[in-house]
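Each chain is listed here by its residues.
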Number of protein chains: 2
Amino acid sequence: MIVVGGDAAGMTAASQARRLRDRDDLEIVAFERGHFTSYSACGIPYWIGGVVDDRDELIARHPATFRESYQIDVRLRHEVTRIDLDRREVVARDLDGDREIRERYDTLMYAVGATPRLPAWADSQVAGIFGVQTLDDGAALRAWLESEPAPRRAVVVGGGYIGVEMAEALIQRGLTVTLVERAEQPMTTVDPDMAVRVADAMRALGIEIRTGVEVTGLRERDGRVTAVVTDDGPVPADVVVLGLGVRPNTALAEAAGLPLGSSGGVRVDRRMRVLGVPDVWAAGDCVESLHRVSGLPVHIPLGTHANKQGRVAGINIGGGYAAFPGVIGTAVTKVCELEVGRTGLREQDAHAAGFEFVSVHVESTNRAGYYPGARPMTVKLIAERPSGRLLGAQIVGWSEAAKRIDALAVALWNEMTVDDMTGLDLGYAPPYAPVWDPVLIAARKAVDALAR
Amino acid sequence: MIVVGGDAAGMTAASQARRLRDRDDLEIVAFERGHFTSYSACGIPYWIGGVVDDRDELIARHPATFRESYQIDVRLRHEVTRIDLDRREVVARDLDGDREIRERYDTLMYAVGATPRLPAWADSQVAGIFGVQTLDDGAALRAWLESEPAPRRAVVVGGGYIGVEMAEALIQRGLTVTLVERAEQPMTTVDPDMAVRVADAMRALGIEIRTGVEVTGLRERDGRVTAVVTDDGPVPADVVVLGLGVRPNTALAEAAGLPLGSSGGVRVDRRMRVLGVPDVWAAGDCVESLHRVSGLPVHIPLGTHANKQGRVAGINIGGGYAAFPGVIGTAVTKVCELEVGRTGLREQDAHAAGFEFVSVHVESTNRAGYYPGARPMTVKLIAERPSGRLLGAQIVGWSEAAKRIDALAVALWNEMTVDDMTGLDLGYAPPYAPVWDPVLIAARKAVDALAR
């Protein structure tokens, strides 16, 4: 078995396969072009912001662990440059030794992740422009922030999760931060009526937000960035962080002839086999997944999916049976104390997928109103008309709010209607909810909206 | 329409019916023997403990609101003493004026709640013994605590929710507190292996816990309690709080000939009609409910059910259609910072209901291990063998733990198997969960246990 890419998906698949097949039965070689294996990419903003002190805390398992406990031949700084399906062979380059290696496989695991989207203007040799997808990316950014002269002005381009989290991280480090977002609100993963609360919270932290603004170029001096140029004038910058999302790494797959889907990711079946290609598996940020609500393929790069998919692939490679059931787009994040949760479809997704729907939102609190520490919480539901089936949900609130999305995610997973949801037996006690849980109030309001 | 009992269930039914039928169409009279309507009984321990300052904060709606905004003729301090089904008449006593009133009904709403279980030894005229079911009970206890000589030593008898919450409330007020519990652990609403963590947290607060001990009597001086007598010796007490659970108030129902179920509560159909009795409805702590997992009738007195049931009854009385789908036993509480959530069946319930099952528990954390503030969290799952259907779940953890039971409650509600649950798309970000959510780890462990 050859694993291409030694992060969450690849190494989870490898170690899962090892649990089922010992080294006499299955030899495993893993090529990773970076310096690390199995780390928490999602933790990088917190390391940059200083919330997490030590980079090593982000590493779930070190190469030595894989070598010793799992007998996996991990080869760091080895970049696979070619996959030959006919010869069942990969060609890898040792980035330090600068030599080429060829290895035969009987089973291939493709798990090369994703790369930050690079706009045309960033395609240059100007120093001070960073994505934050890999731990190597994060280390480079941190080194830049700690270099002399110390950067003081940061511009974050794009207001998705990474952009929002990085803006907070950089302001926590004491930089002035401007977030530039093309859309009308940052946090485009929720509907604009919910995102406006996130924008307000970011402004309250001191982050300047410029929406409806597009970056068109850079200015530099002595090879270092000095500003981003936008269609609304220049914004000074000693450091620029890209938060424009990521695209699946598929160059290698495409060259080898692996099938790509409409979302851009590698196409796989439920068992994480690459469609129509014998003995080749793929998982993680480089594949596309089925969205269980829209029925459409989507590319949702998230560690939780990468781990689940890697486990499924590993069980199947090991001779067991497992299937990945698809995703529903659940995600949580926070801006300072403001918590955001979402699952399923936004209004624009529901439109695009052809649903008719109603949407409601309710203002409630995370605790009984009389209980100390009660804070506002907004729940939004989107329900199909006329069936009442839940299509999407979003929560924004000031504490103990984000993870409540899980109850809605499980309701959505099970295709519950909002009418059924009004009867749900959810946990009630004054420190945890009003006697009518905000989720139940929202479900009742959606039922009323459907009746109109 | 006559409403017997003016708390959550009765007044919710009345106001819901009013929304659908105006005063020309439906006259509503509500008799309440206490001084209050629609208050949060669940908030009483927090008022006693001083977490909530003002009693009035616990009152959701005052009688004046019902009278003015809902045109409901609320009569406080009126105790209904007899229901005559043949004559469609109730007899009520004005407790202050000491006179009797007769009123005819076309629709009767029976919502008289529950009363703390009174052991034989407490059936006396000794002062200083309190239940905490009604706001009047709470007011009496608070007055006693503030009287002279100020009580210093409290004994709480019984370690259910109310007992545990009251023990915490009393120690917060500066009393010494001993909790006496017949079982091997307090917090018998979860399995003993989970309850032991609750007991440890209570001891850490300074609460003395005496388990396996039964109270057999009282000692008194000048009509005031001085100790409880147990089968393990006397325990000094200036105040005794009963936490032995409650029993549905059914004396009136029984005398009238309303049907009672095996759990002791009034039997109702899905629309909250008293079974086989025309135009009589019942809801709240005085009725029994269907447990959706065991299929058995249960008596679970909780404000959240009372409100839902009252709403269902009110919609039906108003001419609409609504059904109460039953309960699954979800509940949350806390002891200081330790949070407890539970849903479905405990091991002993699963045995009693005839299930074969496996149970697993996992130790994890509420956040990514490297994220500041990560605290231990234990998740226990009980799954039917061999089907894998989730039967019950319990969570104990140190922060942001209890409400996570809701995701498990929704899974259980939808009769998910633990195998299906391993694929659930739950919210992941380092401040909210490890990359493998504790719920998913537990589901995987249950799958493994089923395979053995």
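Residues numbered from 1 in each chain as written. Chains lettered and ligands numbered in written order. Predicted model: local features only at pLDDT ≥ 70, side-chain atom pairs only at ≥ 80, totals over all residues. Heavy atoms only, no water.

1. A few points about the interface of chain A and chain B
Argument step 1. Every contact between the two is made by 55 residues of chain A and, on the other side, 55 residues of chain B.
Argument step 2. Both faces considered, chain A and chain B share a buried interface measuring about 5,100 Å² in area, 65% of it formed by carbon and sulfur atoms.
Argument step 3. Broken down residue by residue, the surface that chain A buries against chain B is led by A:Tyr370, A:Asp425 and A:Tyr432, which jointly contribute 16%.
Argument step 4. Summed over the shared surface of chain A and chain B, the number is two salt bridges.
Argument step 5. A salt bridge links A:Lys403 to B:Asp437; the nearest nitrogen and oxygen atoms lie 2.5 Å apart.
Argument step 6. Linking chain A with chain B are 16 residue pairs in polar contact (both at pLDDT 80 or more), by the criterion used here. (Contact = heavy atoms within 4.5 Å. Buried area = accessible area lost by both parts, 1.4 Å probe. Salt bridge = Lys/Arg side-chain N within 4 Å of Asp/Glu carboxyl O. Polar contact = N/O pair within 3.5 Å; in protein donor to acceptor, adjacent residues only side chain to side chain.)

2. Observations concerning the domain arrangement of chain A
Residues and elements named next belong to chain A.
Argument step 1. When its domains are assigned, chain A resolves into domain 1 (2-39 + 50-115 + 246-317), domain 2 (118-242) and domain 3 (338-451).
Argument step 2. Its C-alpha centre places domain 2 at a distance of 32 Å from the equivalent point of domain 3.
Argument step 3. Contacts between domain 2 and domain 3 engage 10 residues on the former and 15 residues on the latter.
Argument step 4. Around 1,100 Å² of area is buried between domain 2 and domain 3 when both sides are counted, 58% of it from carbon and sulfur atoms.
Argument step 5. In terms of surface lost to domain 3, no three residues of domain 2 exceed Asp191, Met194 and Arg197, which account for 50% of the buried area on that side.
Argument step 6. At the junction of domain 2 with domain 3, the criterion picks out three salt bridges. (Domains from an automatic or database assignment.)

3. Quick notes on the environment of A:Leu145
Argument step 1. Among the secondary structure elements, A:Leu145 is positioned in helix H4 (residues 135-145).
Argument step 2. If we ignore the near neighbours within four places in the chain, the residues touching A:Leu145 are A:Ile48, A:Ala150, A:Pro151, A:Leu170, A:Arg173, A:Leu175 and A:Val239. (Helix = DSSP H or I, 4+ residues; strand = E, 2+ residues; numbered from the N terminus.)

4. A look at the UniProt feature "domain: Pyridine nucleotide-disulphide oxidoreductase dimerisation" (unreviewed entry) in chain A
Argument step 1. The UniProt record annotates "domain: Pyridine nucleotide-disulphide oxidoreductase dimerisation" (unreviewed entry) at residues 332-434 of chain A.
Argument step 2. End-to-end, the C-alpha atoms of residues 332-434 of chain A are 22 Å apart, and along that stretch the chain is 18% helix and 36% strand. (UniProt positions renumbered as here; feature names shortened; annotations may be inferred.)

5. What to know about the side chain of B:Thr230
All names here are of chain B.
Argument step 1. Note that Thr230 resides in strand S14 (residues 224-230).
Argument step 2. Residue class for Thr230 comes out buried when judged on its relative accessible area of 7%.
Argument step 3. Here Asp232 takes part through its backbone nitrogen, which lies 2.9 Å from a polar atom of the side chain of Thr230.
Argument step 4. There is a polar contact of 2.5 Å between the side chain of Thr230 and the backbone oxygen of Gly233. (Buried < 20%, exposed > 50% of the residue type's maximum accessible area, 1.4 Å probe, protein only.)

6. Points about the packing of helix H1 (residues 8-20) of chain A against helix H8 (residues 303-317) of chain A
Residue and element names in this part refer to chain A.
Argument step 1. Look at H1 against H8: their axes get within 7 Å of each other, and the N-to-C directions meet at 35 degrees. Read as a crossing pair, H1 and H8 show a hand that is right-handed. For the pair formed by H1 and H8, the contact residues are Ala8, Ala9, Thr12, Ala13, Gln16, Ala17 and Leu20 on the first element and Ala306, Asn307, Gly310, Arg311, Ala313, Gly314, Ile315 and Ile317 on the second.
Argument step 2. Of the residues that constitute the contact of H1 with H8, the class distribution is nine nonpolar, five polar and one charged. (Axes fitted to C-alpha atoms, helices over the stretch in contact; angles between N-to-C directions. Left-handed = near helix turned anticlockwise from the far one by under 90°. Nonpolar A, V, L, I, M, F, W, Y, C, P; charged D, E, K, R; others polar.)

7. Concerning the relation of the copies chain A and chain B
Argument step 1. In the superposition of chain A on chain B (RMSD 0.0 Å, axial shift 0.0 Å), the rotation amounts to 180 degrees. Each copy turns onto its partner about a two-fold axis. Of the C-alpha atoms belonging to chain A, the one lying closest to the rotation axis is found on A:Ala407, 2.0 Å away.
Argument step 2. Same-surface contact between copies: 100% of interface residues of chain A are shared with the interface of chain B. (Least-squares fit on C-alpha atoms with pLDDT ≥ 70 in both.)

8. Comments concerning helix H12 (residues 438-451) of chain B
Argument step 1. In this model H12(B) runs 20 Å from its N-terminal to its C-terminal C-alpha over 14 residues, within 8% of the 20 Å that 1.5 Å per residue would give.
Argument step 2. Elements in contact with the buried residues of H12(B): H8 of chain A together with strand S23 (357-365), strand S24 (376-384), helix H10 (405-413) and helix H11 (418-421) of chain B.
Argument step 3. The backbone nitrogen of B:Val439 has a side-chain oxygen 2.9 Å away, supplied by the residue at the start of H12(B), namely B:Asp437. (Expected span 1.5 Å × (residues − 1).)

9. Things to note about the state of the cysteines
Residues and elements named next belong to chain A.
Argument step 1. Using the criterion set out here, one finds zero disulfides over all chains in the structure.
Argument step 2. Free of any disulfide, Cys42 has its nearest cysteine sulfur in Cys286, 16 Å distant.
Argument step 3. Judged by its relative accessible area of 19%, Cys42 falls in the buried class. (Disulfide = S-S within 2.5 Å.)

10. Focus on the sheet that holds strand S3 (residues 72-76) of chain A
Residues and elements named next belong to chain A.
Argument step 1. Across the sheet, which stays open at both edges, the five strands sit in the order S3-S2-S1-S7-S18 with parallel pairing between neighbours. Since the sheet does not close on itself, it has two edges, and those belong to S3 and strand S18 (280-282), each with one partner. Taking each pair of neighbouring strands and ignoring which way they run, the sheet shows an average axis angle of 20 degrees.
Argument step 2. Where strand S1 (residues 2-4) meets strand S2 (residues 28-32), three bridges bridge the pair, whose relative direction is parallel. Bridge pairing links Val4 to Phe31 in S2.
Argument step 3. Strands in contact with H1 are S1, S2, S3 and strand S7 (108-110); relative to S3, the strand with the most contacts, it is inclined by about 165 degrees. (Pairing = 2+ DSSP bridges.)

11. Here we look at the pairing of strand S6 (residues 99-104) of chain A
Residue and element names in this part refer to chain A.
Argument step 1. Judged from the six bridges that link them, strand S5 (residues 89-94) and S6 form a sheet pairing that is antiparallel. Directly across from Asp94, in S6, lies its bridge partner Arg99.
Argument step 2. Connecting S5 to the antiparallel partner S6 that follows it, the hairpin turn spans four residues, and Asp98 within it adopts a positive phi of roughly 55 degrees.

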